[in-house]
Structures are given as C-alpha cells and as structure tokens.
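Results of the structural survey
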Amino acid sequence: DDDADMRDMNLTAKEAREEQERIQDLLKHSSSVQNPSFDPMGGVGDLKPPETPHSALTYDSDEEEEEAIEVVEQLLETYFMQADNTWNKLQTLTEYIDDTEDYVNIQLDSQRNQLIRLDLILTCLSASIALITAITSLFAMNVQLRPGSEEDGPYSWFVIISTTSCAGAILLFLGVMTYSRYKRLI
C-alpha cells in the first residue's frame with residue numbers, strides 16, 4: 001500500500017501511465033471498428049500512439065519503479081523536514097510571545113501595586129487632614145477672636161484644641177502607615 005501511495009505521488013509517472021492507458025483504449029477501440037478512423041488534422045489514417053515525453057517515464061522493471069519511489073520519498077522527506085523545522089520555529093516564536101506577554105503583565109501589575117500604595121498613603125493623609133479640619137472648624141465657628149485681651153477666653157481653648165487635634169491626626173496617620181507596613185501593604 002505504501003509503495004502504491006508513493007507511486008501515485010509521482011505525478012509525472014502517473015500522468016504518463018494514464019496517457020498510455022488512454023492510448024491503448026483508443027487503439028483497442030479503433031481496431032474493433034471496421035471503418036478507418038478519421039484524423040481531424042490529416043484526414044483518414046490509422047492511429048498511432050503519439051510520441052510523448054511521458055512515454056520515457058514508464059518503468060521496465062521493479063528496480064526502476066523502486067528507484068522512482070525512493071526519489072519521491074526523499075523529496076517528501078525533505079519537505080517534511082522543512083515543514084517540521086518551520087513548525088518548531090513557530091512554536092518557539094509562540095512561546096517567546098507568551099513569555100513577553102507574561103513579562104508585560106508582571107510589569108503592569110507592579111505599576112498598579114505602586115499606584116495602589118500611593119493611593120493608600122494619600123487617602124490616609126487626606127483623612128488625617130480632614131480630621132484636623134473638622135475639629136478646628138467646629139470650634140472656630142463661634143469663637144470671637146480677641147488676641148489683644150488679657151483674659152483667657154475661647155481663643156486659648158481654640159488653640160489648645162486645634163493643636164491637640166493636629167497632633168492626634170499626625171498620630172493617626174503614623175498609626176495607619178505603621179499598620180500598613182506591618183501588613184505589608186506598603
């Protein structure tokens with residue numbers, strides 16, 4: 001079966017065999033007909049098999065046929081090796097592309113993590129500043145400021161509460177940052 005498949009892959013020899021079979025069928029058909037055959041180019045005459053370059057490709061022995069099959073096998077083996085080499089190069093290129101995509105994703109994840117850390121720090125800082133602003137605004141809303149007077153009025157309480165809330169906000173910010181470092185968020 002394999003030899004027959006290889007023989008069929010030798011298209012030149014296959015075409016020559018088919019041409020010879022057609023000529024033999026035509027000759028059988030013309031000999032069975034009583035009337036002489038009509039040649040459209042030359043008129044009436046007998047049919048002779050035309051000389052074709054394919055007639056030289058017929059095999060006289062099994063050795064010649066085996067040689068022709070080996071030629072086809074060698075040709076196919078060469079093409080197979082080229083196709084296999086191309087396939088290996090494509091596989092390598094695909095792996096390289098996948099590795100590059102993974103590397104880019106790692107870089108993007110790293111950048112995203114840095115942005116999240118910065119966002120955490122800025123959020124803690126803005127929460128601390130908001131605490132100072134809220135406490136100071138509550139006490140400063142109705143305070144009548146008289147810095148030149150000698151009495152301890154609401155102004156001294158305002159300064160004490162503002163300073164204390166500022167210190168508390170700083171401690172809150174440092175506490176959140178320490179907790180973040182402890183949990184390895186930063």
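Residues numbered from 1 in each chain as written. Predicted model: local features only at pLDDT ≥ 70, side-chain atom pairs only at ≥ 80, totals over all residues. Heavy atoms only, no water.

1. Re the overall build of the protein
Stated precisely, the cut-off is as follows: Each helix is a run of H or I in the DSSP string that is no shorter than four residues. Each strand is a run of E no shorter than two, and both are numbered from the N terminus. Whether a residue is buried, partly exposed or exposed follows from its accessible area with a 1.4 Å probe, protein chains only, as a fraction of its type maximum: under 20%, in between, or over 50%, in that order. Only heavy atoms enter the contact rule, under which two residues are in contact if any of them lie within 4.5 Å. Per-residue and other accessible areas were derived by the Shrake-Rupley procedure at a 1.4 Å probe size, with only the shown protein chains allowed to occlude residues.
Along its length, the protein carries 4 helices and 2 strands. Looking at the protein as a whole, 11% of its 186 residues qualify as buried. If you take every contact in the protein between residues at least 6 apart in sequence, the share linking residues at least 24 apart comes to 64%. Accessible surface for the protein amounts to roughly 15400 Å². Of this, 58% is attributable to carbon and sulfur atoms.

2. What to know about a negative patch on the surface
As a reminder, the rule being used: Patch membership is restricted to residues that have no salt bridge and whose relative accessible area is over 30%. Joining uses 9 Å for like charges and 5 Å for the nonpolar side chains Val, Leu, Ile, Met, Phe, Trp and Tyr. Salt bridges are identified by distance alone: a Lys or Arg side-chain nitrogen within 4 Å of an Asp or Glu carboxyl oxygen. In this tally, Asp and Glu contribute negative charge and Lys and Arg positive charge; neither His nor the terminal groups of the chain are included. Charge positions come from single atoms, namely NZ of Lys, CZ of Arg, CG of Asp or CD of Glu.
Taken together, the side chains of Asp62, Glu63, Glu64, Glu66, Glu67, Glu70 and Glu73 define an acidic patch exposed on the protein surface. Looking at the element boundaries, Asp62 is found in helix 3 (residues 62-140).

3. Focus on the confidence of the model for the protein
When pLDDT drops low, the exact placement of atoms in the prediction is not to be read closely. The condition that has to hold: Each residue carries a pLDDT score, the predictor's confidence in it, ranging from 0 to 100.
Residues with a pLDDT of 70 or more make up 70% of the protein, whose mean pLDDT is 77. Element-level mean pLDDT values for the protein span from 48 in strand 2 (residues 43-44) up to 88 in helix 3.

4. Comments concerning the side chain of Ser128
Along the polypeptide, Ser128 turns up in helix 3. Classification of Ser128 as buried rests on a relative accessible area of 5%. When near neighbours in sequence (up to four residues on either side) are disregarded, Ser128 contacts Ala169 and Phe173.

5. Some points on the pattern of salt bridges
Enumeration according to the criterion identifies 2 salt bridges in this entry. Note that Glu19 is salt-bridged to Arg22, the shortest N-O span being 3.2 Å. Placement of both Glu19 and Arg22 in helix 2 (residues 11-32) is noted, with a separation of 3 residues, approximately one turn of the helix. With relative accessibility at 22%, the residue Glu19 sits in the partly exposed group. For Arg112, the salt bridge goes to Asp109, with nearest N and O atoms at 2.7 Å. In this pair, Arg112 and Asp109 both sit in helix 3, 3 residues apart, roughly one turn of the helix. Residue Arg112 is classed as partly exposed on the basis of its relative accessible area, which comes to 46%.

6. A word on the side chain of Ser165
In this fold, Ser165 is placed in helix 4 (residues 154-182). Overall, the relative accessible area of 6% leaves Ser165 in the buried class. Leave out the neighbours within four places in its chain, and Ser165 touches Ile132, Ile135 and Thr136.

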